[in-house]
Amino acid sequence: MISQTFTVLNPSGFHARPTKVFVQKVGTFPCKVNVIKGEKKVNGKSSLSMLTLGIQQNDEVTLEVDGEQEEQAIKELGALLTYIFEE
Amino acid sequence: MTKRLTGIAASPGIAIAKAFRLNNDHYETAPEKVADALIEVERFRKAIEEAKLELEEIKDLTEQRMGAAKAEIFEAHLMLLEDPDYIDAIIEGIEGEGLNAEYKLHEVARSFIEVLSSMDNELLRERASDVRDVTGRIMSRLRGVSYAAISAINEPCILIAEDLTPSDTAQLNLDYVLGFVTEIGSRTSHSAIMARSLEVPAIVGAGAAAVEIKTGTMIIMDAVEGAVLIAPSDEEVESYQARKAAYDQRRVELRKLLDRPTISADGHRVELAANIGSVEDLQKVLANGAEGIGLFRTEFLYMGRNALPSEEEQFQVYKHVLERMDNKPVVIRTLDIGGDKELPYMKLPVESNPFLGLRAVRLCLSKQDLFRTQLRALLRASSYGQLKIMFPMIAVVDELLAAKQLLQEEKEKLVLEGIAVSETIEVGIMIEVPAAALAADFLAKESDFFSIGTNDLIQYTMAADRMNETVSYLYQPCHPAILRLIQMVIQAAAKEGKWVGMCGEMAGDETAIPILLGMGLHEFSMSASSILPARALIKQTSHRDWAGYTEQILSLSSQSQIKQFVEQKTRSDLK
């Protein structure tokens, strides 16, 4: 299992559309992905649980990845968290 | 006695019909032990599959009726039907506890709805209604009833509901549903936005009493004023029928003015433009027949983020606006920050009188890097349309000269870099400080145009903050002091052959329009929805007559006298 912390840059935080993009990406990996903010840890494959984290801009979010292709997953998902949501 | 409710007029119009109370109580459910958990899981899976098919259909329907963007919400709903923490949790619950699907569905959904509806972020709170919507849909499949029963409506009615879910709104049969009233909601909730795009009258946020309206009760909904009349008298129905006919007729008349120039009854032409605050407003601007953009506030580019926007980012936005406006004039105002608008990341010192402090062009001249970046972005965008650059809060000629100097320097640099810059960019200023109005003759020599910003001009002239309720009575656009300043500005510009616009709220005010027309204002810039009514008003107003009234108006001593005068004359115009 590997984990790494990222800072979310998207100014509007993490609601419907960014969450959809992120969860769909998680779905392409066979490994287990947990997303942790503060005390709360949720399943990265569930958009509903992701929404309940209420991720805002500048939040520190930790990814915990376990299983096949974990290196690849943490790299790509971390990049998504950091950059793509600057839409 | 007729009972009366008030709410937010989310989509305008008037409707008179019997109420249809939408019942979405799919949630009341009790735990029951099931004989065979596997069969129960199968039943649940089947409900999910059916819900998916329904949603696919609604998504297609929405796409046809309201476009792909509005249909996106149903993609989110479809995703929920595959969400592991929602669906799998229910299935595991059924298997593990041997309880009925309805109960587990209710329980799991409720926990998510509770968390989401208690969040600080409005956008996230709205997601709770998606979970409610999807849950209601699965629940009704489990119970073998049709969800929401909206499709079963077959006579004219006004829908009454707690809130209309996106899927309710998408399925409305507009042959029968004449409007809707909801207990909760705001102008920006899904149902409100969809009502506006379907052009069906809607009142939202009418309070708990709204859902007590029973199916079959006669109601009048006045979604112009935001009023609901329950069980009205025959006289009231009659009076509203007349109002509705007049309203509908007016809408038809206004639509006819969409692509017409704005010309007074005696053939004097002026320009009606729109104020915008972001690119999202463009759609409305184009749909309402604006002849240009009279004020593009660039603040949004700088706000709600933690660093200054780059030149490239700004360039893309300005270029986009110019291109969408298809060579119609676009007045872009340079950064107007300070006063009540802060940029936390700039860490500006706290001032004891921010409205009299380092704001707008003053700030830009003291932070030249920031200003030069914006000027470069504007200049680069200038070759994509008819750009006019406007500096806010100019008080003295020197400020204008300094700003123009920076603009010139950046222009020369760009030319040296071989970047195309339009040769015909007009450079103007906002007149919003009394000093600028009083010395407009000097400023007119150095500007290509003026735009009068009445919100600030009135506040500074009256020395009264209009947000302060105790002194807001001093916000008087038609006070003689304000009108005299405006007249001075227009006359000073005319002497130099320059044009004058107005981009404050006063430009869309029906009392002020005839006065301003008479004074010779060239351009009126307002919120997009005011454009067609303003065009209709100008069409029946004589420029020559009102020019003749100016002296008389300026001799009246108070706003109330002036308003009364305008009302009298306008009424006689209509005869």
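Computed from a prediction, not measured in an experiment: that's the story for all the values here. (Residues numbered from 1 in each chain as written. Chains lettered and ligands numbered in written order. Predicted model: local features only at pLDDT ≥ 70, side-chain atom pairs only at ≥ 80, totals over all residues. Heavy atoms only, no water.)

**Quick look at helix α13 (residues 397–416) of chain B**
All names here are of chain B.
- The terminal C-alpha atoms of α13, which comprises 20 residues, lie 29 Å apart, in line with the 28 Å expected from a rise of 1.5 Å per residue.
- Those residues of α13 lying buried are E399, L400, A403, L406, L407, E410, K411 and L414. Projection of α13 onto a plane perpendicular to its axis shows the buried side chains occupying an angular sector of 135°, all on one side. Of the residues in α13, the exposed ones pointing more than 90 degrees away from the buried face are D398 and L416.
- For α13, the elements touching its buried residues are α11 (360–366), α12 (368–381), β13 (386–391), β14 (426–431) and α15 (440–446).
- Downstream of α13 by one or two residues, G418 has phi in the positive range, about 80°. (Helix = DSSP H or I, 4+ residues; strand = E, 2+ residues; numbered from the N terminus. Expected span 1.5 Å × (residues − 1). Buried < 20%, exposed > 50% of the residue type's maximum accessible area, 1.4 Å probe, protein only. Arc of directions from axis to C-beta. Contact = heavy atoms within 4.5 Å.)

**A word on the interface of chain B and chain A**
- The interface of chain B with chain A comprises 20 residues on the first partner and 22 residues on the second.
- At the boundary of chain B with chain A, total buried surface from both sides reaches about 1700 Å², with 62% on carbon and sulfur atoms.
- Connecting chain B to chain A are one salt bridge.
- The closest approach of N and O atoms between E75 of chain B and K20 of chain A, which form a salt bridge, is 2.6 Å.
- Secondary structure elements with two or more residues in the side of chain B that touches chain A: α2 (68–80), α3 (84–97), α4 (101–117) and α5 (122–143) of chain B.
- Residues belonging to the side of chain B that touches chain A are distributed by class as follows: 11 nonpolar, three polar and six charged. (Buried area = accessible area lost by both parts, 1.4 Å probe. Salt bridge = Lys/Arg side-chain N within 4 Å of Asp/Glu carboxyl O. Nonpolar A, V, L, I, M, F, W, Y, C, P; charged D, E, K, R; others polar.)

**A look at the side chain of R359 of chain B**
Residues and elements named next belong to chain B.
- Position of R359 relative to the elements: it lies in the loop between β12 (329–333) and α11.
- Classification of R359 by relative accessible area gives buried; the value is 2%.
- Within the structure, R359 has its side chain in polar contact with the side chain of Y460 (distance 2.7 Å).
- If we skip the residues at most four places from it in the chain, R359 touches D336, I337, G338, G339, P354, M393, D456 and Y460. (Polar contact = N/O pair within 3.5 Å; in protein donor to acceptor, adjacent residues only side chain to side chain.)

**Focus: the pairing of β13 of chain B**
All names here are of chain B.
- With five of its six residues buried, β13 lies for the most part within the structure.
- Relative to β13, β12 is paired through five bridges, and the arrangement is parallel. In the sheet register, V331 faces β13, and the bridge partner there is K388.
- Sheet analysis places β13 next to β14, joined by four bridges and oriented parallel. (Pairing = 2+ DSSP bridges.)

**Structural notes on the pattern of salt bridges**
All names here are of chain B.
- Evaluated as defined, the whole model comprises 40 salt bridges over all chains.
- A salt bridge links E311 to R380; its shortest N-O distance comes to 2.7 Å. Of this pair, E311 sits in helix α10 (residues 311–324) while R380 sits in helix α12, and the two are 69 residues apart along the sequence. By the burial criterion, E311 is buried, and R380 matches it.
- Bridged by salt links that share partners, the residues E311, E312, R372, R376, R380, E409, E410, K413 and E417 form one connected network.

**Points about the sheet that holds strand β4 (residues 60–66) of chain A**
Residue and element names in this part refer to chain A.
- The antiparallel open sheet is built from four strands, whose spatial order is β1-β4-β2-β3. The open sheet terminates on both sides in strands that have one partner only, identified here as β1 (2–7) and β3 (40–43). Averaged over all pairs of adjacent strands, the angle between strand axes in this sheet comes to 25°, irrespective of strand direction.
- Two strands pair when backbone bridges link them, and strand β2 (residues 32–37) and β3 are joined in this way by four bridges, in the antiparallel orientation. Residue pairing in the sheet places I36 in a bridge with K41 of β3.
- Set on the sheet, helix α3 (residues 70–82) makes contact with β1, β2 and β4; between it and β1 the angle comes to about 10°. (Axes fitted to C-alpha atoms, helices over the stretch in contact; angles between N-to-C directions.)

**Some remarks on the packing of aromatic side chains**
Residue and element names in this part refer to chain B.
- Under the definition given, this model contains eight aromatic pairs over all chains.
- With a centroid separation of 4.6 Å and 10° between ring planes, the pair formed by F449 and W499 is classed as stacked. Here F449, found in strand β15 (residues 449–452), pairs with W499, found in strand β16 (residues 499–502); they are 50 residues apart in sequence, far enough to count as distant.
- Relative to Y549, the ring of W546 has its centre 4.9 Å away and its plane inclined at 85°; by these criteria the two rings are edge-to-face. Note that W546 and Y549 are positioned in helix α20 (residues 543–554) at a spacing of three residues, about one turn of the helix. Each member of the pair W546 and Y549 is classed as buried.
- Among the aromatic residues, ring-to-ring pairing joins F296, F300 and Y318 into one connected group.
- Residue placement shows K319 over the ring face of Y384; its charged tip is 5.1 Å from the ring centre.
- Positioned over the ring face of F315 is R380, at 4.1 Å from the centre of the ring. (Phe/Tyr/Trp six-rings, centres within 6.5 Å; stacked < 30°, edge-to-face > 60°. Lys NZ or Arg CZ within 6 Å of the ring centre and 35° of its normal.)

**Side note on the confidence of the model for chain A**
- Averaged over all residues, the pLDDT of chain A is 85; the fraction at 70 or higher stands at 86%.
- Mean pLDDT values for the elements of chain A range from 84 in helix α1 (residues 16–27) of chain A up to 94 in β2 of chain A. (pLDDT = per-residue confidence, 0-100.)

**With respect to the side chain of N455 of chain B**
All names here are of chain B.
- Structurally, the position occupied by N455 is in helix α16 (residues 454–462).
- A distance of 3.0 Å separates a polar atom in the side chain of N455 from a polar atom in the side chain of Y475.
- Within the structure, N455 has its side chain in polar contact with the backbone nitrogen of E505 (distance 3.3 Å).

**Considerations on the sheet that holds strand β8 (residues 227–230) of chain B**
Residue and element names in this part refer to chain B.
- Reading across from one edge, β1-β8-β7-β3-β4-β5-β6-β2 is the order of the eight strands in this open sheet, with mixed pairing throughout. Only two strands of the sheet have a single neighbouring strand rather than two, namely β1 (3–6) and β2 (8–11). In this sheet, adjacent strand axes meet at a mean angle of 30° when their direction is disregarded.
- The pairing of strand β3 (residues 14–21) with strand β7 (residues 218–222) spans five bridges and is classified as antiparallel.

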